[in-house]
Amino acid sequence: TFELKRQFSGYFLNASRAFKSKKSLQEKEAAQTAQAENGFDAAKVLFNQGRTDEAEGLFRKIIDEGGENNPFYVQSLAWYGSCIALRAGKSGMFQAMKLVKESFVWLDRAATLAENSPFEIDVLMNRAEVAASVPDSVFHKAAVGASDFERVAELFQENCAGKIFS
């Protein structure tokens with residue numbers, strides 16, 4: 001009986017710790033979302049939490065409501081395109097092909113608008129990561145992704161390397 005009590009108490013202790021840990025993580029995620037200073041930051045927090053459907057809605061809202069006058073417009077285009085690409089990964093083959101093509105409409109538009117802007121690295125990393133994750137034999141985006149990664153490396157070297165390695 002003593003052994004049985006010890007096993008049960010250990011089980012309940014572990015279950016209690018797991019519950020508190022999960023609750024703590026949920027509270028931390030909620031706090032991060034609440035602390036976001038604007039819709040764009042909130043959308044990125046949701047995206048990073050894996051809540052991409054919610055993030056997609058916020059990015060789309062920024063695109064639709066603020067338009068090009070919104071300082072987060074260009075980046076939102078790219079992140080929205082990434083959300084669409086992630087949705088493609090959860091879809092059937094024909095729907096996925098349609099969604100990947102749609103994602104590149106948004107990503108390409110963002111990349112064009114971000115050229116030589118402070119947002120260029122963020123935008124190109126989104127497009128490069130999506131390009132690297134889709135089959136090149138179907139979408140022919142490997143060259144685009146490689147070019148984006150090269151440009152990011154170039155921008156990093158120009159703008160950041162001296163600050164980090166000096």
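Placed above this text is the structure.
Being a predicted model, the structure only gives us computed values, none of them experimental.

Asker: Would you mind showing me how to read the nonpolar core here?
Answerer: For soluble globular proteins, nonpolar side chains are generally found buried alongside one another. Among the nonpolar cores identified, the biggest contains 34 residues, and Phe-59, Phe-104 and Val-123 are the most heavily contacted of them. Of all the elements in the fold, those that place two or more residues in this core are helix 2 (39-48), helix 3 (52-66), helix 4 (73-88), helix 5 (93-114) and helix 6 (120-133). With ten residues, the single largest contributor to this core is helix 4. Beyond its immediate stretch of four places on either side in the chain, Val-123 contacts Val-74, Gln-75, Ala-78, Ala-110, Ala-111 and Ala-114.

Asker: What am I meant to see in helix 5 here?
Answerer: It helps to recall that an α-helix has 3.6 residues per turn; residues three or four apart then point in one direction. For helix 5, with 22 residues, the first-to-last C-alpha span of 31 Å sits near the 32 Å given by 1.5 Å per residue. Buried within helix 5 are the following residues: Ala-96, Leu-99, Val-100, Ser-103, Phe-104, Trp-106, Leu-107, Ala-110, Ala-111 and Ala-114. On its buried face, helix 5 sits against helix 3, helix 4, helix 6 and helix 7 (136-139). Positive phi appears at Asn-116, one or two residues downstream of helix 5, with a value of about 60°.

Asker: I tried to follow the packing of aromatic side chains on my own but got confused; where do I start?
Answerer: Working definition: an aromatic ring pair is given by the centre-to-centre distance plus the angle between the planes. Enumeration over the complete set of coordinates arrives at five aromatic pairs. Through a chain of ring-to-ring contacts, three or more aromatic side chains come together here, namely Phe-40, Phe-47, Phe-59, Phe-72 and Trp-79. Sitting above the plane of the Phe-104 ring, Lys-141 keeps its charged end 4.6 Å from the centroid.

Asker: Would you explain the environment of Ala-96 in this entry?
Answerer: Among the structural elements, Ala-96 can be located in helix 5. Once you skip the residues sitting within four places of it in the chain, Ala-96 turns out to touch Ala-88 and Ser-91.

Asker: Quick question: what am I supposed to make of the packing of helix 4 against helix 6 here?
Answerer: Geometrically, a packed helix pair is captured by the angle between its two axes and the distance between the axes. It is at 9 Å that the axes of helix 4 and helix 6 come closest, and there the two elements cross at 15°. On the basis of their axis angle, the class for helix 4 and helix 6 is roughly parallel. The handedness of the crossing between helix 4 and helix 6 is left-handed. Here helix 4 contributes Val-74, Gln-75, Ala-78, Trp-79, Ser-82 and Ala-85 to the contact with helix 6, which in turn contributes Asp-122, Val-123, Asn-126 and Val-130. Here the contact of helix 4 with helix 6 is built from residues that sort into six nonpolar, three polar and one charged.

Procedures and definitions
- Residues numbered from 1 in each chain as written.
- Predicted model: local features only at pLDDT ≥ 70, side-chain atom pairs only at ≥ 80, totals over all residues.
- Heavy atoms only, no water.
- Core = buried A, V, L, I, M, F, W, Y, C linked by side-chain atoms within 4.5 Å.
- Buried < 20%, exposed > 50% of the residue type's maximum accessible area, 1.4 Å probe, protein only.
- Helix = DSSP H or I, 4+ residues; strand = E, 2+ residues; numbered from the N terminus.
- Contact = heavy atoms within 4.5 Å.
- Expected span 1.5 Å × (residues − 1).
- Phe/Tyr/Trp six-rings, centres within 6.5 Å; stacked < 30°, edge-to-face > 60°.
- Lys NZ or Arg CZ within 6 Å of the ring centre and 35° of its normal.
- Axes fitted to C-alpha atoms, helices over the stretch in contact; angles between N-to-C directions.
- Parallel < 35°, antiparallel > 145°, perpendicular 65-115°, else oblique.
- Left-handed = near helix turned anticlockwise from the far one by under 90°.
- Nonpolar A, V, L, I, M, F, W, Y, C, P; charged D, E, K, R; others polar.

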